[in-house]
Amino acid sequence: MEEVIREQYSEREKQSIFNQEFMPHINSMYNFAYRLTLDSDDAKDLLQDTYLKAFRFIDSFQKGTNAKAWLFRILKNSFINDYRKKSKEPSKVDYQEVESYYNSEDVDRQITPDLRVEALQDMIGDEISVALNSLDVDFRTVIILCDLEGFKYEEMAKILDIPIGTVRSRLHRARNLLKEKLSEYAKKMGYKNA
Amino acid sequence: MNSPDFSKMKKDCQNQRECFEILQSIIDGEATPQQKEHFMKEHLEQCMPCYKSYHLEVAIRELLKAKCSQHAPQELVESIRKKVIENLAQ
């Protein structure tokens, strides 16, 4: 917790903040934990650790500020510090490398799949979920934060500790990669031009 | 949005990369009202690739929302609540 300002909440206030500001986000937080770890047991542990941590550091939460963003940041930091190392995920790609690769114009030209809305409408199973999970964790994360949770770029920059420009470009790349995956499924489903 | 006259639309977009960035800002609610107005009225209805791209992005987002949100198991929620109350009691 880097915030310098610390509140001094009474026990009663702590409980009320926890119940009214933190608990309402528990489903979004679980989903984030699950999409990061890709394992429901790890997700449960990560969620519980995060909520207990949030409670322990409740004095550094300022009432009236965005509780959801504050919680997401703790969860993401816990994931990096405690889970990413032992995660079953094989993706140990150097992130800078991935980023500069996808920054090249070549890749942009290549990734313009002619995916059609009609093909998407036929994806009634877990295709999109599988496609999302198959992305590198950093790309997966920005899609979850933006498209599922509706965070603003500025909030995402704070949650992820990256500049807003990086949020934008990472999202751009993530969306193109997701479309590429979806386009592969669409082809398998028999959409010729998908 | 009304369906535009497809036969009069441009088949290619010269600024696809820039357009995609503006389009992304619009969908994410980050564009200024002027940017949005200009793009939606002046460009989108005249440019086939951008028109398609916009509707595809919207559809993907809807699909993500419908298919990728998992709820926390109820017993986990209860267990977290209980642990916090125990914490308070200490």
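A. Representation of helix 8 (residues 127–134) of chain A within the structure. Along helix 8 of chain A, six of the eight residues are buried, which leaves the element largely enclosed by surrounding structure. Restricting attention to buried positions, one finds in helix 8 of chain A the residues E127, I128, S129, A131, L132 and N133 of chain A. Among the structural elements, helix 2 (26–37), helix 9 (137–148) and helix 11 (164–188) of chain A together with helix 3 (48–67) of chain B are those in contact with the buried residues of helix 8 of chain A.

B. Expanded view of the packing of helix 11 of chain A against helix 1 (residues 16–27) of chain B. The geometry of helix 11 of chain A relative to helix 1 of chain B is characterised by a closest axis approach of 11 Å and an angle of 100 degrees between their N-to-C directions. Relative to helix 1 of chain B, the element helix 11 of chain A is oriented roughly perpendicular. On helix 1 of chain B, the residues that touch R168, L171, H172, R173, R175, N176 and K179 of chain A of helix 11 of chain A are R17, F20, E21, Q24 and S25 of chain B. Residues that form the contact of helix 11 of chain A with helix 1 of chain B fall into these classes: two nonpolar, four polar and six charged.

C. Structural view of the pattern of salt bridges. Under the criterion given, the structure shown has 15 salt bridges over all chains. Between E118 of chain A and R116 of chain A there is a salt bridge; the shortest N-O distance is 3.1 Å. Look at E118 of chain A and you get partly exposed, because its relative accessible area is 39%. R61 of chain B is the salt-bridge partner of D28 of chain B, the closest N and O atoms lying 2.5 Å from each other. With D28 of chain B in the loop between helix 1 and helix 2 (33–43) and R61 of chain B in helix 3, the pair connects residues that are 33 residues apart, well separated along the chain. Residue D28 of chain B shares its accessibility class with R61 of chain B, and that shared class is buried.

D. Highlighting the interface of chain A and chain B. Of the residues lining the interface, 45 residues belong to chain A; the matching set on chain B comes to 35 residues. Interface of chain A and chain B: buried area, both sides summed, is about 3,800 Å²; carbon and sulfur atoms make up 61% of it. Three residues stand out in chain A for area buried against chain B, namely Q48, I128 and H172 of chain A, and they jointly supply 14% of the buried area on that side. Here chain A and chain B share three salt bridges between them. In this structure, R61 of chain B engages D147 of chain A in a salt bridge whose closest nitrogen and oxygen atoms are separated by 2.9 Å. Counting across the chain A and chain B interface gives 14 residue pairs in polar contact (both at pLDDT 80 or more). Mapped by element, the contributors of at least two residues to the side of chain A that touches chain B are helix 1 (11–22), helix 2, helix 3 (40–56), helix 6 (105–110), helix 7 (117–121), helix 8, helix 9 and helix 11 of chain A. In terms of residue count, the dominant contributor to the side of chain A that touches chain B is helix 11 of chain A (nine residues).

About the criteria used
- Residues numbered from 1 in each chain as written.
- Chains lettered and ligands numbered in written order.
- Predicted model: local features only at pLDDT ≥ 70, side-chain atom pairs only at ≥ 80, totals over all residues.
- Heavy atoms only, no water.
- Buried < 20%, exposed > 50% of the residue type's maximum accessible area, 1.4 Å probe, protein only.
- Helix = DSSP H or I, 4+ residues; strand = E, 2+ residues; numbered from the N terminus.
- Contact = heavy atoms within 4.5 Å.
- Axes fitted to C-alpha atoms, helices over the stretch in contact; angles between N-to-C directions.
- Parallel < 35°, antiparallel > 145°, perpendicular 65-115°, else oblique.
- Nonpolar A, V, L, I, M, F, W, Y, C, P; charged D, E, K, R; others polar.
- Salt bridge = Lys/Arg side-chain N within 4 Å of Asp/Glu carboxyl O.
- Buried area = accessible area lost by both parts, 1.4 Å probe.
- Polar contact = N/O pair within 3.5 Å; in protein donor to acceptor, adjacent residues only side chain to side chain.

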